[in-house]
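Working through the structure, step by step
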2 protein chains.
Amino acid sequence: MMKHDPGITRKQKGLVIVNTGDGKGKTTAALGVILRAWGRGFRICVIQFIKPEGINTGEYIAASKLAIEWYRYGDGFTWVSKNGDESMNRARQGWQLAQEKIASGAYDLVVLDELTYPLHLNWIDTGEMVNWLALNKPSHLHLIITGRNAPRALIAYADLVTEMKIVKHPFNQGVKGQPGIEF
Amino acid sequence: MMKHDPGITRKQKGLVIVNTGDGKGKTTAALGVILRAWGRGFRICVIQFIKPEGINTGEYIAASKLAIEWYRYGDGFTWVSKNGDESMNRARQGWQLAQEKIASGAYDLVVLDELTYPLHLNWIDTGEMVNWLALNKPSHLHLIITGRNAPRALIAYADLVTEMKIVKHPFNQGVKGQPGIEF
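What counts, and where the lines are drawn
- Residues numbered from 1 in each chain as written.
- Chains lettered and ligands numbered in written order.
- Predicted model: local features only at pLDDT ≥ 70, side-chain atom pairs only at ≥ 80, totals over all residues.
- Heavy atoms only, no water.
- Pairing = 2+ DSSP bridges.
- Helix = DSSP H or I, 4+ residues; strand = E, 2+ residues; numbered from the N terminus.
- Axes fitted to C-alpha atoms, helices over the stretch in contact; angles between N-to-C directions.
- Contact = heavy atoms within 4.5 Å.
- Buried area = accessible area lost by both parts, 1.4 Å probe.
- Salt bridge = Lys/Arg side-chain N within 4 Å of Asp/Glu carboxyl O.
- Polar contact = N/O pair within 3.5 Å; in protein donor to acceptor, adjacent residues only side chain to side chain.

**What to know about the sheet that holds strand β4 (residues 109–113) of chain A**
With mixed pairing, 12 strands are arranged side by side in an open sheet as β3(A)-β2(A)-β4(A)-β5(A)-β1(A)-β6(A)-β6(B)-β1(B)-β5(B)-β4(B)-β2(B)-β3(B). Where the open sheet ends on each side, the last strands, each with one partner, are β3 (69–72) of chain A together with β3 (69–72) of chain B. Neighbour to neighbour, the strand axes of the sheet diverge by 15° on average, direction disregarded. Taken together, the four bridges between strand β2 (residues 44–48) of chain B and β3(B) define a ladder with parallel strand orientation. Considered in β3(B), the bridge of Q48(B) is made with R72(B).

Structure (structure tokens):
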């Protein structure tokens, strides 16, 4: 792990950042912040809510090499889950872990990737989540939440919200997702 | 440097990706792809057209640690340059280096960060650039170009174009850019 630099991080105001929209770049921009934050020696924790365990994405391989804490609580399905209660329980376990990590004060950056998915399915209550964050998020902690259809209450709570919009997409032209670029 | 994995990269179709729009996340999403690509052992080259030499951004520190090739040809000014010919010459040198790197065939991913800036100022001719890329970009090479106001001819040439839109921005609320998150 990198040495933590209190000179930089103590001055910071922890931002709540939401990357939403139908376009590419929501998770990818979060990964970019992870690279920046890692460069500065931040303490980082990532929890993914769609990606299942056991899949070797480029980012997961990179995180392993860089000793970045990284957890996956997804079932691999997007938006239409096929596993019912089991998937819901996994997502709730992910949120429980997120709460522990956030409240611990031991991190400078926590990324909750595709958290809007269990919010959208009402597996996790958005209002309760926002209330919990308002009470328990350390003020220095940067928090990034990604995913389509970010609920209004989350957008209202966030400091920085970006919508990624598709202008042109190669999947429409029959090109498959490319390893190292899209996963 | 990481060992290159020809098993993955030889199958790939090199995408031309443009991240544009007024919102955050254009450069940041490119950094996320760099993290993914580094995880998979891709050969990476980054050239920045706004960031000047000598500034320690989080991404630059990270790239140094990860032995990612990284060059900066900017004057630090955005859109309104104060240095005239000198800035123009730097940008053109950056594009010349980019051409060498792209044509060499020695990379899997080339990132031209904020290249739309010298394109917008007509320091580099967009039509000539696109024609050159169409003739010289190796088919396996992924190319990412970022920046506001991507010219139409560039969008027409690209495979994947995303517009980053501001929904909510903390600078409007008097919050400064945060190290490790925004640079």
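More follows now that the structure is in view.
**Some words on the interface of chain B and chain A**
Counting residues at the interface gives 56 residues for chain B, matched by 56 residues for chain A. Interface area for chain B against chain A, summed over the two sides, is near 4900 Å², with a carbon-plus-sulfur share of 64%. Our count for the chain B to chain A interface comes out at two salt bridges. Where R36(B) meets E59(A), a salt bridge forms, and the shortest distance between an N and an O atom there is 2.8 Å. Remark: the boundary between chain B and chain A carries 28 residue pairs in polar contact (both at pLDDT 80 or more). Elements supplying a minimum of two residues to the side of chain B that touches chain A: α2 (26–39), α3 (58–66), α7 (152–157) and β6 (160–168) of chain B. Looking at the side of chain B that touches chain A, the element that brings in the most residues is α2(B), giving 12 residues.

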